[in-house]
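Fold and contact review
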Number of protein chains: 2
Amino acid sequence: MALDHAILVSLLEKPGSGYELARRFERSIGYFWTATHQQIYRVLKRMEADGWVDVRGVPQRTRPDKKEYSVAAAGREALSRWLHDPIEPESVRHDLAVKIRGAAFDDPAALVREVERHQRMHQDRLAHYLAGEARDFGPPAGATGAPGSPVPPDPGRELQHAVLRGGIAYERMMIDWLDDVLATLHRLAPGR
Amino acid sequence: MALDHAILVSLLEKPGSGYELARRFERSIGYFWTATHQQIYRVLKRMEADGWVDVRGVPQRTRPDKKEYSVAAAGREALSRWLHDPIEPESVRHDLAVKIRGAAFDDPAALVREVERHQRMHQDRLAHYLAGEARDFGPPAGATGAPGSPVPPDPGRELQHAVLRGGIAYERMMIDWLDDVLATLHRLAPGR
DNA sequence: CGTGGCATGTAAGAGGTTACATGATTTC
DNA sequence: GAAATCATGTAACCTCTTACATGCCACG
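The rules behind the values
- Residues numbered from 1 in each chain as written.
- Chains lettered and ligands numbered in written order.
- Predicted model: local features only at pLDDT ≥ 70, side-chain atom pairs only at ≥ 80, totals over all residues.
- Heavy atoms only, no water.
- Helix = DSSP H or I, 4+ residues; strand = E, 2+ residues; numbered from the N terminus.
- Rg over C-alpha atoms; globule rule 2.2 N^0.38 Å.
- Buried < 20%, exposed > 50% of the residue type's maximum accessible area, 1.4 Å probe, protein only.
- Near = heavy atom within 4 Å.
- Polar contact = N/O pair within 3.5 Å; in protein donor to acceptor, adjacent residues only side chain to side chain.
- Nonpolar A, V, L, I, M, F, W, Y, C, P; charged D, E, K, R; others polar.
- Salt bridge = Lys/Arg side-chain N within 4 Å of Asp/Glu carboxyl O.
- Axes fitted to C-alpha atoms, helices over the stretch in contact; angles between N-to-C directions.
- Parallel < 35°, antiparallel > 145°, perpendicular 65-115°, else oblique.
- Left-handed = near helix turned anticlockwise from the far one by under 90°.
- Contact = heavy atoms within 4.5 Å.
- Buried area = accessible area lost by both parts, 1.4 Å probe.
- Phe/Tyr/Trp six-rings, centres within 6.5 Å; stacked < 30°, edge-to-face > 60°.
- Lys NZ or Arg CZ within 6 Å of the ring centre and 35° of its normal.
- Least-squares fit on C-alpha atoms with pLDDT ≥ 70 in both.

This next bit is on the overall build of chain A. A count of helical and extended segments in chain A gives seven helices and two strands. Shown N-terminal to C-terminal, the secondary structure of chain A runs as helices and strands in the order α-α-α-β-β-α-α-α-α. The C-alpha atoms of chain A give 22 Å as radius of gyration, which overshoots the globular expectation for 192 residues (16 Å, by more than 25%). Seen through its principal axes, chain A has C-alpha atoms that stretch 65 × 50 × 45 Å. Put simply, chain A has 192 residues, and 47% of those count as buried.

Written as structure tokens, this is what we have:
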């Protein structure tokens, strides 16, 4: 149900077309929410009908025309209401954990490859996040900036960084845990 | 799509009724997969029709009769096929992260209470997991067992423990990250 | 002249949530 | 006598995924 609100937040950060939103959901927003373009177009159409977003046709020379969406007053209010509503912590769905428990009834050694594959994907994502952090949130510490010129903090930027740090912490935790799982699997099937 | 397989794994660990499965999904299996009784009954019926599970009516004295499900050969094969199929890492859905980024366009201070509430829920879950670990997987280390009597490792038990350790690592990571988020929010709205 | 990116959609089907429904027994 | 637990289900609705569909432009 929060796809609506995720789109509103993204449009507040920067107005854009359905296509652009879909690309953002593959990147930064995808760290904590996924959506395909089909979902996004459907929700945009509904929110437009409800007056939550405004549309503006943008003709383009070399590329197909697009519709630029921005958040209307009603959308801002809807977002604000949702922000003040308590939400339940999200339900978890870890296919890999099902597989790990299932391995007891199959070949544990065969799972090693799959776990290693997942670990590699998490390592890739971690590298991607860290690169994004370095790019968007500047030099990590002890920077070469002139002392005595503190940059005024931008709340949006700070909060985006905090969310990204969550993604980084998640990937690190997963990599460590999968190390643990691999060690357990090797203990159970030492002949490898 | 993995609900089928999660149910098969659970039934392999121990046969039981739809009601019992629903309770397990509130507890141990719920660490990595959630399902309501409605979903479970629907899937059990379908798997029974497909010959993946066997049913046995169990009359009970003081309580309503129940149907005890167990995994049939075809179900075991289906599970094995799925275990050998590579799967994609699960897509993430973090409502709270949407809220955190949305707070830039609303009152960041108002989010503090919500984040604290979530942190408390994660602390409760962590305590619950740790209690379960102590109960089911024995004394943590340096136990009082007689030396020289190594217990033969039970693969199912070891793998269940590994999955539980993943849940514990996840909750610890979330608690730490929410500390980070709270510090960021306080930095942005110091008048609190 | 084919591949990939930009840009928007429809439709079918699977999966998940919420509400409704029943009925016995045990516990407070 | 009310509430909680055991036990099973139906129905409606919403959401999400997957496949299909179109068309232009840029690049090699």
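Our next topic: the protein's contact with DNA strand D. Near DNA strand D you find 22 residues, and of these A:Gln38, A:Thr62, B:Tyr19, B:Gln60 and B:Lys67 are the closest. Of everything in DNA strand D that lies within 4 Å of the protein, sugar and phosphate atoms constitute 65%. The contact in question runs from a sugar or linking oxygen of DNA strand D to an N or O atom on the backbone of A:Thr62, over 3.3 Å. Between DNA strand D and B:Lys67, the relevant distance is 2.7 Å, taken from a phosphate oxygen to a side-chain nitrogen or oxygen of the residue. Secondary-structure elements contributing two or more residues to the surface near DNA strand D are α3 (37-49) of chain A together with α2 (18-26), α3 (37-49) and β2 (66-71) of chain B. Residue composition of the surface near DNA strand D, by class: five nonpolar, eight polar and nine charged.

Here we come to the pattern of salt bridges. Summed over the entire model, instances satisfying the criterion amount to 20 salt bridges over all chains. One salt bridge connects A:Arg117 with A:Glu114, and the closest N-O pair in it is separated by 3.1 Å. Here A:Arg117 and its partner A:Glu114 are both found in helix α6 (residues 108-136), three residues apart, which amounts to about one turn of the helix. As a salt-bridge pair, B:Arg187 and A:Glu158 come within 3.0 Å of each other at their nearest N and O atoms. Of this pair, B:Arg187 sits in helix α7 (residues 155-188) while A:Glu158 sits in helix α7 (residues 155-188), on two different chains. A relative accessible area of 21% means that A:Glu158 is categorised as partly exposed. If you follow the salt bridges from partner to partner, you end up with A:Lys99, A:Glu114 and A:Arg117 in one network.

Residue and element names in this part refer to chain B. With their axes 11 Å apart at the nearest point, helix α5 (residues 95-102) and helix α6 (residues 108-136) run at an angle of 160 degrees to one another. Accordingly, the angle class assigned to the pair α5 and α6 is roughly antiparallel. Both α5 and α6 take part in a crossing whose hand is left-handed. Between α5 and α6, the residues in contact are Leu 96, Lys 99 and Ile 100 and Leu 111, Glu 114 and His 118, respectively.

What follows covers the protein's contact with DNA strand C. Around DNA strand C sit 23 residues, and of these A:Tyr19, A:Gln60, A:Lys67, B:Met1 and B:Thr62 come closest. Protein-adjacent atoms of DNA strand C, using a 4 Å cutoff, are sugar or phosphate at a proportion of 68%. For the surface near DNA strand C, the per-class residue count stands at six nonpolar, eight polar and nine charged.

At the interface, 64 residues of chain A touch 65 residues of chain B. With both chains or domains summed, chain A and chain B bury close to 6,600 Å², and 65% of this area falls on carbon and sulfur atoms. For A:Arg101, the salt bridge is made with B:Glu13, and the minimal N-O distance between the two is 2.8 Å. Counting across the chain A and chain B interface gives 32 residue pairs in polar contact (both at pLDDT 80 or more). Only α1 (3-13), α4 (73-84), α5 (95-102), α6 and α7 of chain A provide two or more residues apiece to the side of chain A that touches chain B. The class makeup of the residues in the side of chain A that touches chain B is 33 nonpolar, 14 polar and 17 charged.

For the structure shown, the criterion picks out three aromatic pairs over all chains. When the ring of A:Tyr170 is compared with that of B:Tyr170, the centres are 6.4 Å apart and the planes differ by 90 degrees; the resulting orientation is edge-to-face. Within this pair, whereas A:Tyr170 is found in helix α7, its partner B:Tyr170 is found in helix α7, the two belonging to separate chains. Exposure remark for A:Tyr170: the relative accessible area of 12% places this residue in the buried category. Between the NZ or CZ atom of A:Lys99 and the centre of the ring of B:Trp82, over which it lies, the distance is 5.4 Å.

The transform that puts chain A on chain B rotates by 180 degrees and translates by 0.0 Å along the axis, for an RMSD of 0.0 Å. Seen this way, the second copy is the image of the first under a two-fold rotation axis. Considering only C-alpha atoms, the part of chain A nearest the rotation axis is A:Met173, at 3.5 Å. Take the interface residues of chain A: 100% of them recur as interface residues in chain B, which is what a same-surface contact looks like.

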